[in-house]
Amino acid sequence: MRFWIYGDENCHDPIVEPMSYNVPVKKGVFEVRLELSRAIANGPAIWVETEIDGLAEGCRAVQRQVLDCLSGTTAEIQMEDSAAIAGVNSAERGRGLYGHASGETGVNYGVYGISDSDQGYGGYFSNTTGAYGMDIVAGADDINTDGNISSDPERAGSDLNIYSNDEVRIFLDSDKDEEGSFSVYNDAAEQVFSINENGDIFQALDRGGMVKAAAYVECEGENSSVNNFF
């Protein structure tokens, strides 16, 4: 890959020599760190042109306001169109946008989104393939197979709210490889409520608990029966 950095919107005269890198690509994802001086990185506007295998990807305007750029603490990127950063990847297992917080301690975020509008959202994710295409995947790795969703880990007592304009649906065992259930646990990691994919409910009872009873009839001729659940 080759990169040109320009200081004018016509992208005629590079302000530094073209930079070439042999970039490894893994599952459609790659990372490149351009070597820029502080004066260029902290400049009011730059234009970047990328060439991949001899094919130019066009010149794109980027306005940068960078604080302590070389230490990598804070950087703000502003662009003239509707997307500050646009990523498109047509590979079978590609990633349009990839974020990696490589620090191994502390609360960090691979991608961090904020909206200042009272009608806005910190992030918007949409799958265009149909009603049940996945918009968000709570990912796993080679060690942990479970996905997790959390409220703010740095705000004690923060709640997690789910809003819907209509129904909220939970599909259990969608890959049909085991018996799935929806369970609730208390702060001691003890299960206090569970309902499996067959609709059977299990609830822990104590002296202050409430007994819930139900009965139904199965009509199957000689095999008819009355079933009671408590």
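Scoring rules and cut-offs
- Residues numbered from 1 in each chain as written.
- Predicted model: local features only at pLDDT ≥ 70, side-chain atom pairs only at ≥ 80, totals over all residues.
- Heavy atoms only, no water.
- Helix = DSSP H or I, 4+ residues; strand = E, 2+ residues; numbered from the N terminus.
- Buried < 20%, exposed > 50% of the residue type's maximum accessible area, 1.4 Å probe, protein only.
- Contact = heavy atoms within 4.5 Å.
- Areas by Shrake-Rupley, 256 points an atom, 1.4 Å probe, with all protein chains shown as cover.
- Phe/Tyr/Trp six-rings, centres within 6.5 Å; stacked < 30°, edge-to-face > 60°.
- Disulfide = S-S within 2.5 Å.
- Pairing = 2+ DSSP bridges.

(A) Representation of the overall build of the protein chain in the model. Each helix and strand counted, the protein chain has one helix and ten strands in total. Listing every helix and strand of the protein chain by position from the N terminus yields β-β-α-β-β-β-β-β-β-β-β. Each of the 230 residues in the protein chain was classed as buried or not, and the buried ones make up 12%. Looking at the protein chain alone, contacts between residues at least 24 apart form 26% of all its contacts between residues at least 6 apart. Roughly 19,700 Å² of accessible area belongs to the protein chain as shown, and the carbon and sulfur atoms make up 48% of that amount.

(B) Main features of the packing of aromatic side chains. What the rule picks out here adds up to two aromatic pairs. Ring geometry for F3 versus Y21: centroids 6.1 Å apart, planes at 65 degrees, classification edge-to-face. Here Y21 lies in the loop between β2 (19-20) and α1 (38-41) and F3 lies in strand β1 (residues 2-6), a separation of 18 residues in the sequence. Taken together, a centroid distance of 5.4 Å and an interplanar angle of 55 degrees make the contact between Y109 and Y112 tilted. Using a relative accessible area of 59% as the deciding quantity, one classes Y112 as exposed.

(C) Inspection of the state of the cysteines at higher detail. Applying the stated rule across the entire model yields one disulfide. Between the sulfur atoms of C11 and its disulfide mate C59 the distance is 1.9 Å. Here C11 and C59 share a disulfide; its torsion about the S-S bond, -70 degrees, makes the bridge left-handed. Highlighted residues: C11 in the loop between β1 and β2 and C59 in strand β4 (residues 55-67), separated in sequence by 48 residues. The exposure class assigned to C59 is partly exposed, which follows from its relative accessible area of 32%.

(D) Highlighting the pairing of strand β6 (residues 181-185). Where β6 meets strand β7 (residues 191-196), five bridges bridge the pair, whose relative direction is antiparallel. Paired with Y185 across the bridge in β7 is Q191. Hairpin remark: β6 followed by β7, antiparallel, with five residues in the connecting loop; positive phi at A189, about 60 degrees.

The analysis is restricted to geometry; functional conclusions fall outside its scope.
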